[in-house]
Amino acid sequence: MAHQFCIPGKVSLSATIHNPRTPLRKFGIVTNSTILNIIIAEGITREITTVDSSNYDIVIIGGGIIGLSVAHTIPSIYNRVAIVDPSPGKGTTWVAAGMLAAVTEAYYGEDMNLNLNMASAKLWKSFAGELSEKSGIDIGYRQVGTLVVAGDNDDRSYIKELYDYQRGLKLNVEWLSAAEARELVPQLAPSVRGAMLAVDDYQVDPRLVIKALMKLATDRNYSFLATRATSINAASKKSSGGNSENGFDVTLESGDELHAGRVIVCTGPWTSQLKGIPRSITSAVRPVKGEIVRVAAPDPSLLPAHTIRGITNGRSIYMVPRADGTLVIGATMEEKGFDTAVRSGAVFELLRDARALLPIVTELSFQETIAGLRPATPDNGPIIGSVGDDNGLIVAAGHYRNGILLTPITAMAVSALVQSDEGQLPKEVIPFSPMRLEKSA
Ligand SMILES: Cc1cc2nc3c(=O)[nH]c(=O)nc-3n(C[C@H](O)[C@H](O)[C@H](O)COP(=O)(O)OP(=O)(O)OC[C@H]3O[C@@H](n4cnc5c(N)ncnc54)[C@H](O)[C@@H]3O)c2cc1C
């Protein structure tokens, strides 16, 4: 039975509810335990459905941009799909600036990461078009280019060196004098000493991407279970209906269990907390804190058209202008475990460095500060691939600084693995299999 409700004057709320009056029928065992899964996500409309089964084709653990885009990309023959997440979309993805920065994130010695980033950047245009068209939601994909500016002469030397390196890699970058940079972006500070233009580094609004993906998941009647998964185990004979070779049991924090033919782990920085996946994976993912400040202009035309990145006094800063006049300023990098408190000093430092390059910043109205946790790995690359050889348990996590950029290629790769269609697996993803961690463990 399906229910729907709306609060007048507010967004429609949505939920997947295990109806307390309908006993949860699990693998032949009737239990009265209930899973109440009310998910309230801003601006997102979904249906309330009654879950009367704990048996799924696919269970996706983690509904951030990675989990939801995987859910969107898997073929429609898998129609019994559950997404387990206490607050989908509200993890790291909710904090991210949304730069699609394949070129300006190209650092020394990360050639494999660069190949992956470039391949995913190329997929973004059609991915964005498809999401917007199917959901009817503009996801803020803007092909505006990124300008990397130098605050002083030392910063200029650093950026020039990076420019030479990136030119050496045949990336599409252009050097601009200070005057040329100011001609392109008149809002820049007079002190700016030169800049590098990366015309192909675009942006998207991750919060709008989440909104679109949640709508599309609802349209496909996926179940959202607003709870945490605690562990994954190979299915027992009882849970898999006598077939011990097929599938997995996923234990939820309530103690309830789901059975799934396949499980896809997309738990971002919290991957280390999930039991039942190899230690080489759980020990590889660590949280790296990043703080963001959002300010807003009364008129979007007051902001630069381009994303501005820069170095000022040796420190990195970026500013991402949105079409609605919001300017996202980021970001700190701190190794502080799972702490997400916003440090007042971080807000000060971000605004100080932003103003040094773009003086208008301190005239804009203050909107928000927020901290998120980047899912980092030892080689700064994501973990995308199967655990074992039957593609029953798949991991897509550890996307660190570039999870938004890497969304389309990750979803494409996981979809290929789900179908056991190795031919569809993008070649750039292969080096990022979980196997590499076993070798280095
Ligand atoms: C300040 C900052 C700025 C960034 N800017 C950019 C940028 O400009 N461009 C870019 O490409 N990337 C950026 N990133 C990185 C990007 O945000 C991440 O790589 C990306 O969001 C990771 O997506 P995810 O879906 O793996 O993780 P998340 O969005 O964190 O989603 C993981 C989900 O799993 C759920 N979960 C965790 N454990 C469990 C469990 N046991 N059971 C059930 N659910 C669980 C969580 O609730 C969460 O919703 C930025 C990150 C930060 C912090």
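Residues numbered from 1 in each chain as written. Predicted model: local features only at pLDDT ≥ 70, side-chain atom pairs only at ≥ 80, totals over all residues.

J.: So what's going on with the overall build of the chain? Residues and values would help.
T.: The secondary structure content of the chain amounts to 10 helices and 24 strands. Split into buried and exposed, the 441 residues of the chain put 49% on the buried side. The long-range fraction of contacts in the chain, counting pairs at least 24 apart against all pairs at least 6 apart in sequence, stands at 75%. (Helix = DSSP H or I, 4+ residues; strand = E, 2+ residues; numbered from the N terminus. Buried ≥ 20, exposed ≤ 12 C-beta atoms within 10 Å, placed from the backbone. Contact = placed C-beta atoms within 7 Å.)

J.: I'd like a description of the site of the ligand, backed by residues and values.
T.: Taken together, 45 residues surround the ligand, and among them G64, G91, G268, G290 and G403 come closest. Contributing elements (two or more residues each) for the shell around the ligand: α1 (65-73), α2 (92-95), β18 (286-296) and β22 (365-376). Looking at the shell around the ligand residue by residue, the class counts come to 22 nonpolar, 18 polar and 5 charged. Domain assignment of the residues forming the shell around the ligand places at least three in each of domain 1 (2-93 + 208-284 + 380-440) and domain 2 (146-199 + 286-376). (Near = placed C-beta within 6 Å. Nonpolar A, V, L, I, M, F, W, Y, C, P; charged D, E, K, R; others polar. Domains from an automatic or database assignment.)

J.: Can you tell me about the sheet that holds strand β19 (residues 307-312), naming the residues and giving the values?
T.: Across the sheet, which stays open at both edges, the 8 strands sit in the order β11-β12-β10-β19-β20-β21-β18-β22 with mixed pairing between neighbours. A single partner strand is all that each edge strand has here, and the edge strands are β11 (173-176) and β22. On average, adjacent strands in this sheet sit at an angle of 20° to one another, irrespective of strand direction. Note that β19 and strand β20 (residues 315-321) share 5 bridges and pair antiparallel. Paired with R309 across the strands is Y318, a residue of β20. Against the sheet, helix α8 (residues 344-357) makes contact with β10 (146-150), β18, β19, β20, β21 (326-330) and β22, and its axis sits at roughly 75° relative to β20, the strand it touches most. (Pairing = 2+ DSSP bridges. Axes fitted to C-alpha atoms, helices over the stretch in contact; angles between N-to-C directions.)

J.: Describe the packing of helix α3 (residues 111-135) against helix α9 (residues 407-418), listing the residues and the values that go with them.
T.: Between two packed helices, what matters for the description is the angle formed by their axes and the separation of those axes. Between α3 and α9, the shortest axis-to-axis distance is 7 Å and the interhelical angle comes to 90°. Relative to α9, the element α3 lies roughly perpendicular. Contact residues: L116, A119, S120, L123, W124 and F127 in α3; P408, I409 and M412 in α9. Taken together, the residues that form the contact of α3 with α9 break down as 8 nonpolar, 1 polar and no charged. (Parallel < 35°, antiparallel > 145°, perpendicular 65-115°, else oblique.)

J.: Outline the packing of α3 against helix α6 (residues 206-219), supporting the account with residue identities and numerical values.
T.: In the contact formed by α3 and α6, the axes pass within 9 Å of each other and the chain directions differ by 55°. Here α6 runs oblique to α3, going by the angle between their axes. Crossing handedness for the pair α3 and α6: left-handed. Contacts from L131, S132, K134 and S135 in α3 reach V209, A212, K215 and L216 in α6. (Left-handed = near helix turned anticlockwise from the far one by under 90°.)

J.: Give me the lowdown on unusual backbone geometry, citing residues and values where you can.
T.: Residue A331 follows G330 across a cis peptide bond; omega there is -10°. For A331, the position within the fold is in the loop between β21 and α8. Even without being a glycine, N221 presents a positive backbone phi close to 60°. Considering the arrangement of structural elements, one finds N221 in the loop between α6 and β14 (223-225).

J.: Any details on α8? Residues and values, ideally.
T.: With 14 residues, α8 should reach 20 Å at 1.5 Å per residue; the first-to-last C-alpha distance of 21 Å fits that figure. The secondary structure elements touched by the buried residues of α8 are β10, β18, β19, β20 and β21. (Expected span 1.5 Å × (residues − 1).)

J.: An account of the pairing of β21 is needed here, citing residue identities and associated values.
T.: Of all 5 residues making up β21, 4 are buried, and the element is well covered by its neighbours. Taken together, the 5 bridges between β18 and β21 define a ladder with antiparallel strand orientation. Bridging from a neighbouring strand, V295 pairs with L327 of β21. In the sheet, β20 pairs with β21 via 4 bridges, with the strands oriented antiparallel. Residue V320 lies in a different strand from β21, and its bridge partner there is V328.

J.: So, the environment of L169: which residues are in play, and what are the values?
T.: Take L169: it is sitting in the loop between α4 (153-168) and β11. When the 12 C-beta atoms within 10 Å are taken as the criterion, L169 is described as exposed. Not counting the four nearest positions on each side in its chain, L169 is found in contact with A106 and L114.

J.: Tell me about the confidence of the model for the chain, and please be specific about residues and values.
T.: Model confidence for the chain is summarised by a mean pLDDT of 87, while 85% of its residues fall at 70 or above. Taken as a whole, residues 1-52 scores under 50 in pLDDT and shows 96 contacts with residues more than four places along the chain or in a different chain. (pLDDT = per-residue confidence, 0-100.)

J.: Help me get a handle on the environment of F432, residues and values and all.
T.: Structurally, F432 is set in the loop between α9 and α10 (435-440). In this structure the C-alpha to C-alpha distance between F432 and I383, which are 49 residues apart in sequence, comes to 5.4 Å. If sequence neighbours within four positions are ignored, F432 has contacts with L116, G381, P382, I383 and I384.

J.: So what about the pairing of strand β8 (residues 81-84)? Which residues, and what values?
T.: Of the two faces of β8, the one lined by V81 and I83 and the one lined by A82 and V84 are each fully buried. Each parallel crossover has a hand, and for strand β7 (residues 55-61) linked through α1 to β8 it is right-handed. Inspection of the sheet shows β8 paired to β14 by 3 bridges, in the parallel sense. The residue bridging A82 from the neighbouring strand is S223, located in β14. (Right-handed = clockwise from strand over helix to strand, strands pointing away.)

J.: Account for the nonpolar core, with residues named and values stated.
T.: Ranked by size, the top nonpolar core spans 124 residues in total, and within it V59 and V250 carry the most contacts. The residue makeup of this core includes at least three contributed by each of domain 1 (2-93 + 208-284 + 380-440) and domain 2 (146-199 + 286-376). Here V250 is in contact with V59, I61, V84, A229, I232, E257, L258, A260 and V263, once residues within four sequence places are set aside. (Core = buried A, V, L, I, M, F, W, Y, C linked by C-beta atoms within 7 Å.)

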